[in-house]
Amino acid sequence: MPDRPHRDFLAIPDFSRDELERLFDLAERMRLGLYQSKPMAGKSLGMIFLKASTRTRVSFEVGAWQLGGHASFLSSRDVQLGRGEPIADTARVLSRFVDAIMIRTFAHSDVEELAQYADVPVINGLTDLLHPCQVLADVLTVRQHLGSIGDKVVAWVGDGNNMANSWLNAAYRLGFELRLACPAGYEPDVRVLARAQAHGKVIVTRDPAEAVAGAHVVTTDVWASMGQEEEQAVREKAFAGYRVDDALMARADRQAIFLHCLPAHRGEEVTASVIDGPHSRVWDEAENRLHIQKAIMATLVGGEPLS
Ligand code: CP
Ligand code: NVA
């Protein structure tokens, strides 16, 4: 098992701006096939899932293997955590077996508790509050297609959810302009928003057209996230004016890219013409989950330096 102290990745600000830049550079080398090291040789990742996943599960599992390590998929349907074993006990026990823990769950405080009691790095694979690995993959995609993010305008259209909150954290650390268009009652987390607004160029508007005007990146997410399925009908009404369609994309910069963390609901938050159209970079975005998470694991588990 690794010696303390170890580092967790629960939220984007857990890395400094310089460290994030180096993390992106490392992920880029991985994407280009220029990194062949196996810093996880002999090491294991435990992956706890209390919600469904396609991308997160497969990219962490394949990524750990590509770095020379091993990953165990721990579904809440099968592990004792799902039957009420305390998070703290799960953290202490898993720390005796594995070298890092990735968790996808509901309450963000559960991930913080896991990290508090684990003796190994904990990585946030999505909570109701944040989805940090995904937004780092999104920023990597912006770098890949637009060269840089610091001088770009990012427009978020839709729910002030875990993705919106992580975009706010990215703007807080990286300093790009972020405009969020959210309906009343669906704004981002108050504290995450206040910190980003205190440090950067961040606005929240009700008007998607205002948010998207001249933007270089247009992004959205489902109207009802995992755990909110029973709110679908209410949310469909609230989000009716928040669909990313060709008319909205036409307001963005001519070279603008469209991003979506997936899974997408064509005809709800985005039209098929946009997500399957010329501005869309969603498949590169999905691929970049693999590269950025390998960079995170190489750093936190494999000792790859970021300085
Ligand atoms: N974007 C994302 O996290 O996808 P999964 O839910 O499939 O992991
Ligand atoms: N906001 C979505 C993201 C899924 C990857 C959810 O939490 O369900």
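Look a little higher up for the structure.
Everything numeric in this text was worked out from a predicted model, so none of it was measured.

### A word on the overall build of the protein chain
Phase 1: A tally of helices and strands in the protein chain yields 12 helices and 9 strands.
Phase 2: The C-alpha atoms of the protein chain give a radius of gyration of 19 Å, which matches the 19 Å a tight globule of 307 residues would have.
Phase 3: Here the protein chain holds 307 residues, and the buried ones make up 55% of them.
Phase 4: Considering only contacts in the protein chain between residues 6 or more positions apart, those separated by 24 or more positions represent 75%.
Phase 5: With the model as given, the accessible surface of the protein chain reaches about 12,700 Å², and the carbon-plus-sulfur share is 49%.
Phase 6: Of the charged side chains in the protein chain, 33 are positive and 41 negative, and the gap between their average positions amounts to 3 Å.

### Regarding the site of ligand 1
Phase 1: The full set of residues close to ligand 1 is S53, T54, R55, T56, R104, H131, Q134, C261, L262 and R289.
Phase 2: The side chain of R104 places a nitrogen or oxygen atom 2.8 Å from an oxygen atom of ligand 1.
Phase 3: Within the side chain of R289, one N or O atom sits 3.0 Å away from an oxygen atom of ligand 1.
Phase 4: Look at ligand 1: alone it shows 260 Å² of surface, and the protein chains cover 95% of it.
Phase 5: When its residues are assigned to classes, the shell around ligand 1 shows 2 nonpolar, 5 polar and 3 charged.

### Observations concerning the sheet that holds strand β2 (residues 70–75)
Strand pairing in a sheet relies on backbone hydrogen bonds, with the paired strands running either antiparallel or parallel.
Phase 1: Strand order across the open sheet formed by 4 strands is β2-β1-β3-β4, with parallel pairing between neighbours. For this open sheet the edge positions go to β2 and β4 (122–124), each flanked by a neighbour on one side alone. Averaged over neighbouring strand pairs, the angle between their axes works out to 20 degrees when direction is ignored.
Phase 2: Bridge count for strand β3 (residues 100–104) against β4 is 3 bridges, and the pairing is parallel. What sits directly across from I101, in β4, is V122.

### Let's talk about helix α4 (residues 108–117)
Phase 1: For α4, the complete set of buried residues consists of H108, V111, L114 and A115. Relative to the axis of α4, the buried residues are bounded by an arc of 115 degrees and lie together on one face.
Phase 2: Check the buried side of α4 and you find it contacts α3 (87–94), β3 and β4.

### Structural notes on the pattern of salt bridges
Phase 1: Scanning all chains against the criterion turns up 14 salt bridges.
Phase 2: Taking the shortest distance from any N to any O, the salt bridge between K152 and D151 comes out at 2.9 Å.
Phase 3: Accessibility expressed as a relative area gives 11% for K152, which makes it buried.
Phase 4: A relative accessible area of 54% means that D151 is categorised as exposed.
Phase 5: Across the pair R266 and D276 runs a salt bridge whose closest N-O atoms are separated by 2.8 Å. With R266 in the loop between β9 (257–260) and α11 (272–275) and D276 in the loop between α11 and α12 (282–300), this residue pair connects regions lying 10 residues apart in the sequence.
Phase 6: Judged by its relative accessible area of 47%, D276 falls in the partly exposed class.

### A closer look at the packing of helix α6 (residues 162–174) against helix α7 (residues 190–199)
Any two packed helices are characterised by the angle at which their axes cross and by the distance between the axes.
Phase 1: The contact between α6 and α7 brings their axes to 9 Å, and the two run at 25 degrees. By the angle between their directions, the pair α6 and α7 is classed as roughly parallel. Pair α6 / α7 crosses with left-handed handedness. Residues N165, L168, N169 and Y172 of α6 form the contact with α7, whose own contacting residues are V192, L193, R195, A196 and H199.

The rules behind the values
Residues numbered from 1 in each chain as written. Chains lettered and ligands numbered in written order. Predicted model: local features only at pLDDT ≥ 70, side-chain atom pairs only at ≥ 80, totals over all residues. Heavy atoms only, no water. Helix = DSSP H or I, 4+ residues; strand = E, 2+ residues; numbered from the N terminus. Rg over C-alpha atoms; globule rule 2.2 N^0.38 Å. Buried < 20%, exposed > 50% of the residue type's maximum accessible area, 1.4 Å probe, protein only. Contact = heavy atoms within 4.5 Å. Areas by Shrake-Rupley, 256 points an atom, 1.4 Å probe, with all protein chains shown as cover. Lys, Arg positive; Asp, Glu negative; His and termini not counted. Charge placed at Lys NZ, Arg CZ, Asp CG, Glu CD. Near = heavy atom within 4 Å. Polar contact = N/O pair within 3.5 Å; in protein donor to acceptor, adjacent residues only side chain to side chain. Nonpolar A, V, L, I, M, F, W, Y, C, P; charged D, E, K, R; others polar. Pairing = 2+ DSSP bridges. Axes fitted to C-alpha atoms, helices over the stretch in contact; angles between N-to-C directions. Arc of directions from axis to C-beta. Salt bridge = Lys/Arg side-chain N within 4 Å of Asp/Glu carboxyl O. Parallel < 35°, antiparallel > 145°, perpendicular 65-115°, else oblique. Left-handed = near helix turned anticlockwise from the far one by under 90°.

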